[in-house]
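For reference, the chains in residue letters:
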Amino acid sequence: EAGVVQSPRYKIIEKKQPVAFWCNPISGHNTLYWYRQNLGQGPELLIRYENEEAVDDSQLPKDRFSAERLKGVDSTLKIQPAELGDSAVYLCASTMNTNSPLHFGNGTRLTVT
Amino acid sequence: RKEVEQDPGPFNVPEGATVAFNCTYSNSASQSFFWYRQDCRKEPKLLMSVYSSGNEDGRFTAQLNRASQYISLLIRDSKLSDSATYLCVVKGDGQNFVFGPGTRLSVLP
């Protein structure tokens, strides 16, 4: 089966610019997660979707971050405007059901200069 | 206190050694437990789930102690290819997967 697909792999932008990341989960996986991982740390949850509903966005910095999963399949995470501290790897993951482990995409490495 | 804690290491061990990692979690309502492996500049990948009775997969053994709220991973006969960061992951009743900071392992020739 095809895995979680993310794009782009790398993105370099100047601060105050907007940026968007795209994720296509494994087919049939209703739950989708966006995580952010800083160097030397574990991934930290930004938002979780059940189908098209954002069921947990408590850790999403809503002043500059937004996400959508309009048809309950692929998802977009946006930052506007980006700040230097947003430099990190943004990981998308999906699961089939509540008893399944997470499957990750290969991430988008963002550098804000 | 962080929800999931691990010793960041690094653990530097010779090939063939046995090494053990521990992880503690704070949410007593946690329901599922996993170990993930992450290679440098790669995404985390599932190593193994952790079951209440303990479980083994080849050279890897995972244990869960619910009373003390800790999880362990034992690697026997370490290989050079085991060098990676090992992430402890806990899934609470809220359905979110919470990651520890990871423990770095370097297996030396």
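This one's a predicted model, so the numbers in the text were calculated from it and none came from an experiment. (Residues numbered from 1 in each chain as written. Chains lettered and ligands numbered in written order. Predicted model: local features only at pLDDT ≥ 70, side-chain atom pairs only at ≥ 80, totals over all residues. Heavy atoms only, no water.)

Right, let's get into the sheet that holds strand S3 (residues 19-24) of chain A. Across a sheet, strands are paired by hydrogen bonds formed along the backbone, either parallel or antiparallel in direction. Residue and element names in this part refer to chain A. Pairing within the open sheet is antiparallel, and its four strands lie in the order S1-S3-S8-S7. Only two strands of the sheet have a single partner each, and these edge strands are strand S1 (5-7) and strand S7 (65-68). On average, each strand axis in the sheet is tilted by 15 degrees relative to the strand beside it, whichever way the strands run. Relative to strand S8 (residues 75-79), S3 runs antiparallel, the two being bridged by five bridges. Each residue of the ladder has a partner; that of tryptophan 22, found in S8, is threonine 76. (Pairing = 2+ DSSP bridges. Helix = DSSP H or I, 4+ residues; strand = E, 2+ residues; numbered from the N terminus. Axes fitted to C-alpha atoms, helices over the stretch in contact; angles between N-to-C directions.)

Here the focus is the interface of chain A and chain B. At the interface, 23 residues of chain A touch 16 residues of chain B. Counting each side, the surface lost to burial between chain A and chain B is near 1500 Å², with a carbon and sulfur contribution of 50%. Summed over the shared surface of chain A and chain B, the result is zero salt bridges. Counting the contacts that link chain A with chain B gives six residue pairs in polar contact (both at pLDDT 80 or more). It is strand S4 (residues 31-37) of chain A that contributes the most residues to the side of chain A that touches chain B, three residues altogether. Within the side of chain A that touches chain B, the residues separate by chemical class into nine nonpolar, 11 polar and three charged. (Contact = heavy atoms within 4.5 Å. Buried area = accessible area lost by both parts, 1.4 Å probe. Salt bridge = Lys/Arg side-chain N within 4 Å of Asp/Glu carboxyl O. Polar contact = N/O pair within 3.5 Å; in protein donor to acceptor, adjacent residues only side chain to side chain. Nonpolar A, V, L, I, M, F, W, Y, C, P; charged D, E, K, R; others polar.)

Okay, the pattern of salt bridges next. Here the structure, examined in full by the defined rule, presents eight salt bridges over all chains. Between glutamate 83 of chain A and arginine 64 of chain A there is a salt bridge; the shortest N-O distance is 3.3 Å. Residue glutamate 83 of chain A is located in the loop between S8 and strand S9 (88-95), and its partner arginine 64 of chain A is located in the loop between strand S6 (53-56) and S7; the two are separated by 19 residues in the primary sequence. Where lysine 79 of chain B meets aspartate 77 of chain B, a salt bridge forms, and the shortest distance between an N and an O atom there is 2.9 Å. Judged by its relative accessible area of 31%, lysine 79 of chain B is partly exposed. Note on aspartate 77 of chain B: relative accessible area 37%, which makes it partly exposed. One salt-bridge network, held together by shared partners, links Arg64, Glu83 and Asp86 of chain A. (Buried < 20%, exposed > 50% of the residue type's maximum accessible area, 1.4 Å probe, protein only.)

Residue proline 8 of chain A is reached from serine 7 of chain A by a cis peptide bond, and omega for that bond is -10 degrees. Here glycine 9 of chain B and proline 10 of chain B are connected by a cis peptide whose omega angle stands at 10 degrees. Structurally, proline 10 of chain B can be placed in the loop between strand S1 (4-6) and strand S2 (11-14). Positive phi is not limited to glycine here, since asparagine 51 of chain A has a value of about 55 degrees. Secondary-structure assignment places asparagine 51 of chain A in the loop between strand S5 (44-50) and S6. In this structure, aspartate 77 of chain B takes a positive phi of about 50 degrees despite not being glycine. Of note, aspartate 77 of chain B is situated in the loop between strand S8 (70-75) and strand S9 (84-91).

Bringing the side chain of threonine 108 of chain A into the picture now. Residues and elements named next belong to chain A. Along the chain, threonine 108 falls in strand S11 (residues 108-112). Of note is the side chain of threonine 108, whose polar atom sits 2.5 Å from the backbone oxygen of proline 8. Ignoring sequence-local partners within four residues, the contact set of threonine 108 consists of Gln6, Ser7, Pro8, Arg9, Phe21, Ala88, Val89 and Tyr90.

All names here are of chain B. One open sheet accounts for five strands, arranged S1-S3-S8-S7-S6; its pairing is antiparallel. The strands lining the two open edges of the sheet, one partner per strand, are S1 and strand S6 (55-57). In this sheet, adjacent strand axes meet at a mean angle of 20 degrees when their direction is disregarded. With three bridges connecting them, S1 and strand S3 (residues 19-25) associate as antiparallel partners. Residue pairing across strands places valine 4 opposite tyrosine 25, the latter belonging to S3.

So, to be careful, I would describe these as geometric facts and stop short of saying anything about function.
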